[in-house]
Amino acid sequence: MRSLIFGTALLALATIGCSTFISAALSAARDAKAATFSERFAPAMTLPAG
C-alpha cells in the first residue's frame, strides 16, 4: 500500500513537472523574437582577416 501511494505521488510530481516545463517552453517560444537573415547567417558569412 505504501508503494502505491509513493508511486502515485511520484507520477503526480512528474506530470506537474512536465506540464510546467512544456508551458515554460511554449511561452519562451512565443516571446522570442524571430532572428533576421543577417542575425542568423552573420557568423557563417564572416571572412578571415588578412
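*Asks:* Is there a simple way to think about the overall build of the protein chain in this case?
*Replies:* A tally of regular secondary structure across the protein chain gives 2 helices and 0 strands. The proportion of buried residues among the 50 residues of the protein chain is 0%. About 4,800 Å² of surface is accessible on the protein chain, with carbon and sulfur atoms providing 74% of the total.

*Asks:* What am I meant to see in a nonpolar patch on the surface here?
*Replies:* A cluster of nonpolar side chains, contributed by M1, L4 and I5, occupies part of the molecular surface with about 380 Å² of accessible area. Position of I5 relative to the elements: it lies in helix α1 (residues 2-31).

*Asks:* Would you mind going over the environment of S19 with me for this structure?
*Replies:* You can see S19 is positioned in helix α1. With a relative accessible area of 42%, S19 lands in the partly exposed category. Only 2.9 Å separates the side chain of S19 from the backbone oxygen of I16, close enough to count as a polar contact.

Reading guide: rules and limits
Residues numbered from 1 in each chain as written. Predicted model: local features only at pLDDT ≥ 70, side-chain atom pairs only at ≥ 80, totals over all residues. Heavy atoms only, no water. Helix = DSSP H or I, 4+ residues; strand = E, 2+ residues; numbered from the N terminus. Buried < 20%, exposed > 50% of the residue type's maximum accessible area, 1.4 Å probe, protein only. Areas by Shrake-Rupley, 256 points an atom, 1.4 Å probe, with all protein chains shown as cover. Patch = residues over 30% accessible without salt bridge, like charges linked within 9 Å, V, L, I, M, F, W, Y side chains within 5 Å. Salt bridge = Lys/Arg side-chain N within 4 Å of Asp/Glu carboxyl O. Polar contact = N/O pair within 3.5 Å; in protein donor to acceptor, adjacent residues only side chain to side chain.

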